[in-house]
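# Understanding the architecture of this molecule
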Amino acid sequence: MSLNSLSKEIHKNAVEHGWWDEERSFGEIIALCHSELSEALEEYRNNHIGEWFSCSVNAEKQCTRNFDCPNCLNGKPEGMAVEMADCIIRILDWCGKEGVDIDGVIHRKMEYNKTRPYRHGGKVL
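Here's a quick rundown of the structure. (Residues numbered from 1 in each chain as written. Predicted model: local features only at pLDDT ≥ 70, side-chain atom pairs only at ≥ 80, totals over all residues. Heavy atoms only, no water.)

### Some remarks on empty space enclosed by the protein
Tallying each qualifying case throughout the model produces one cavity of 30 Å³ or more. When its volume is computed, the largest cavity comes out at roughly 30 Å³. Contributing to the lining of the largest cavity are Trp20, Arg24, Ile29, Leu32, Arg90 and Asp93. Those elements giving two or more residues to the lining of the largest cavity turn out to be α2 (26-45) and α3 (80-98). Broken down by class, the residue content of the lining of the largest cavity amounts to three nonpolar, no polar and three charged. (1 Å grid on protein atoms, 1.4 Å probe; cavity = no way out; pocket = protein on both sides within 12 Å on 5 of 7 lines; lining within 4 Å. Points joined across faces, edges and corners; volume = space filled by probe spheres on them. Helix = DSSP H or I, 4+ residues; strand = E, 2+ residues; numbered from the N terminus. Nonpolar A, V, L, I, M, F, W, Y, C, P; charged D, E, K, R; others polar.)

Dropping the structure here:
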């Protein structure tokens, strides 16, 4: 599936679930992306790398796949990878709303990045 198709599907789902009942500012979209990245950082700090499922019977148990435990079959996915995915979902939702050709934008940017010098800019954190 292309990112363009995925963005349309994600946006359709967001609309159907009421997330666009009121118009959102671009600043709000950015803040929501930031919040997902902050959640990813918290998962990293808690050593919850990747994806896991919280057990509905034993709160201390973390199943790495929801089929590892019969109590996790309908569980919400958690973890750093899931929060990173949430950020991508937020971005693709906005792309779907705005009709952005995200496939094209990403490919053009990747091609441009190939022309840049090694560690261009020299910036450090």
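### Concerning the packing of aromatic side chains
On inspection of all chains with the given rule, the structure shows one aromatic pair. Taking NZ or CZ as reference, arginine 24 lies 5.6 Å from the ring centre of tryptophan 20, over its face. (Phe/Tyr/Trp six-rings, centres within 6.5 Å; stacked < 30°, edge-to-face > 60°. Lys NZ or Arg CZ within 6 Å of the ring centre and 35° of its normal.)

### What about the side chain of histidine 11?
Within the secondary structure, histidine 11 is located in helix α1 (residues 3-16). We classify histidine 11 as buried; its relative accessible area is 14%. Of note is the side chain of histidine 11, whose polar atom sits 2.7 Å from the side chain of aspartate 93. (Buried < 20%, exposed > 50% of the residue type's maximum accessible area, 1.4 Å probe, protein only. Polar contact = N/O pair within 3.5 Å; in protein donor to acceptor, adjacent residues only side chain to side chain.)

### Looking at the pattern of salt bridges
Under the criterion given, the structure shown has seven salt bridges. In this structure, lysine 12 engages glutamate 16 in a salt bridge whose closest nitrogen and oxygen atoms are separated by 2.7 Å. Of this pair, lysine 12 and glutamate 16 are both found in helix α1, four residues apart, which corresponds to roughly one turn of the helix. Both residues of the pair, lysine 12 and glutamate 16, belong to the exposed class. Of the charged contacts, one joins glutamate 42 and arginine 45 as a salt bridge, the two residues approaching to 2.7 Å between their closest N and O atoms. (Salt bridge = Lys/Arg side-chain N within 4 Å of Asp/Glu carboxyl O.)

### Concerning unusual backbone geometry
One can expect most non-glycine residues to show negative phi and most peptide bonds to be in trans. In this model, asparagine 47 sits at a positive phi of 60°, which is unusual for a non-glycine residue. Here asparagine 47 shows up in the loop between α2 and β1 (52-54). Owing to a relative accessible area of 60%, asparagine 47 belongs among the exposed residues under this scheme. With a phi angle near 45°, arginine 119 is a residue other than glycine that sits in the positive phi range. Along the chain, arginine 119 turns up in the segment after α4 (102-113).

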